[in-house]
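Here is how the chains run, residue by residue.
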Amino acid sequence: MATQTTPASAQQSRRGERRVVSNIVRGSIGNLIEWYDWYAYTAFSVYFAAAFFPSGDQTAQLLNTAAVFAVGFLMRPIGGWVLGRYADRRGRRAALTLSVTLMAAGSLIVALTPSYGAIGVAAPVLLVTARLLQGLSVGGEYSTSATYMSEVASPGRRGYYSSFQYVTLIAGQLTALGLQIVLQQVLSAAQMEAWGWRVAFVVGAAGAIVVLWLRRGMDESESFERAAAEGGDGKDGGPARGSLRMLLSYPRQCLVVVGLTMGGTLFFYTYTTYLQKFMVNTSGIAKPTAAWINFFALLVFVVLQPVMGLLSDRVGRRPMLIAFGVLGAVVVVPSLTLLSHTSDPVYAFLLMVGPLAVSSLYTSISAVVKAELFPTSIRALGVGLPYALTVAVFGGTAEYVALWFKNAGHESWYFYYVTACVLISLLVYIRMRETSDGSPLETESRDH
């Protein structure tokens, strides 16, 4: 006999769904602010570099570049480890609150630090310290927010809700770029260099404080509460929750995270972070035009995330990843080759937005796939550490490798390098098991 839904149970279901949406929104807004602060540093560095580093000192200018790319990416694995461990032991809400606190502190340091002329070498030291805090925060934010959103999402809709992680990631980048455009319109170049750039970091710090208040009211995930009630503190001689010892008992899952991330993250950074420079340096497109192409292509990319996430709830994660692997391997060489020979903005936009649509097959579900690989007791660390290490190696070096090939006179070799990495990930997608069956995330892994 079919089970009938009573008005009371329907109302309770609607209440529960509203609570899910409330928790997802709180987590997503925090993710947006985190990535806004991360990208604001890069977007506004052209204006504040002179304030923190002595004029004409090439070593100090190189230190600035190293702080942005090397230190930030090096701190992300540490953040994935430290905050992932903290999330598995103390809770997702506690870790997300700590993450946004670190980001707020980093932004405040940048906003309030006096110039090099006022305090000397202490200025760049404080700037690098702020970037260390931000890198630590972003490294922990990804794993913990991915874990939290997948655990609180309604069964059968995890792909849809988890896709908002990349929605807010890209939205943070667009917000930083949008604020820069607004400030450039209302302030002169001299004002931007004197104090205008500080506005961006004040906004970021204020936003982080608001998110800190919002996240304190979030529900803890039921999956974590069940795992905590079962113990696992290591006092019985077994591995403690969130420990490296426990993580090492899931070697297959860790290798899957590395394999599925390698091609996806390199593809993502190629068509987001690097492509704007590629348009200017190789295609010969004017910088302002390339910026607008990038902006509108990323807008389309944002819209595609929940669409693809919802699709994954219907067809499964593995078919989506396989589709990305096949299409990604096919599209890289022709799209970059054609783009290198055109200066037409519309054609360039299409050559960017097409591969980004392919990338959305991966980005929309990458977080939830990783979360579904691990049991609750090691989920945040399992997602965070292998992912952050892979991103540091492949995503963090994408621009450097591309420019190295270009300087060597073999720019097209980079196209084949990206294709090869996507093909390696495709082999992982083909061999991996489906991670979602539409049921709630379990305390223990189904296939461990």
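Residues numbered from 1 in each chain as written. Predicted model: local features only at pLDDT ≥ 70, side-chain atom pairs only at ≥ 80, totals over all residues. Heavy atoms only, no water.

As recorded in an unreviewed UniProt entry, the chain goes by the name Putative proline/betaine transporter, listed as coming from Streptomyces muensis. Per UniProt, the chain carries the Subcellular location (unreviewed entry) text "Cell membrane". In the Function (unreviewed entry) part of its UniProt record, the chain is described as follows: "May be a proton symporter involved in the uptake of osmolytes such as proline and glycine betaine." (UniProt positions renumbered as here; feature names shortened; annotations may be inferred.)

Participant: Which parts of the structure should I look at to understand the nonpolar core?
Facilitator: Residues Phe44, Trp197, Phe201, Phe267 and Tyr414 are the most contacted members of the largest nonpolar core, which totals 104 residues. The element contributing the most residues to this core is helix α11 (residues 251-283), with 14 residues. Among residues more than four places away in sequence, those in contact with Phe201 are Ala40, Tyr41, Phe44, Phe48, Ser107, Val110 and Ala111. If you look at the next biggest cluster of nonpolar residues, it comprises nine residues, including Tyr148, Met149, Val152 and Ala153. (Core = buried A, V, L, I, M, F, W, Y, C linked by side-chain atoms within 4.5 Å. Buried < 20%, exposed > 50% of the residue type's maximum accessible area, 1.4 Å probe, protein only. Helix = DSSP H or I, 4+ residues; strand = E, 2+ residues; numbered from the N terminus. Contact = heavy atoms within 4.5 Å.)

Participant: Got a minute to help me understand the packing of aromatic side chains in this structure?
Facilitator: Centre-to-centre distance and the angle between the planes together describe a pair of aromatic rings. Following the criterion strictly, the structure yields 27 aromatic pairs and no others. Both rings, one in Phe278 and one in Phe415, keep their centres 6.1 Å apart while their planes meet at 70°; by these two values the pair is edge-to-face. In this pair, Phe278 sits in helix α11 while Phe415 sits in helix α17 (residues 412-431), placing the two residues 137 residues apart along the sequence. The pair formed by Phe278 and Phe415 is uniform in burial state, with each residue classed as buried. The ring of Trp38 carries Arg131 above its face, with NZ or CZ at 3.9 Å from the centroid. (Phe/Tyr/Trp six-rings, centres within 6.5 Å; stacked < 30°, edge-to-face > 60°. Lys NZ or Arg CZ within 6 Å of the ring centre and 35° of its normal.)

Participant: I'm lost on helix α8 (residues 189-215) in this one. Help?
Facilitator: Each α-helix winds once per 3.6 residues, and so residues spaced three or four apart point in a common direction. The end-to-end C-alpha distance of α8, which contains 27 residues, comes to 37 Å, matching closely the 39 Å that a straight helix rising 1.5 Å per residue would cover. For α8, the principal kink sits at Trp195 and spans about 60°. (Expected span 1.5 Å × (residues − 1). Bend = angle between axes of the 7 residues up to and from the residue.)

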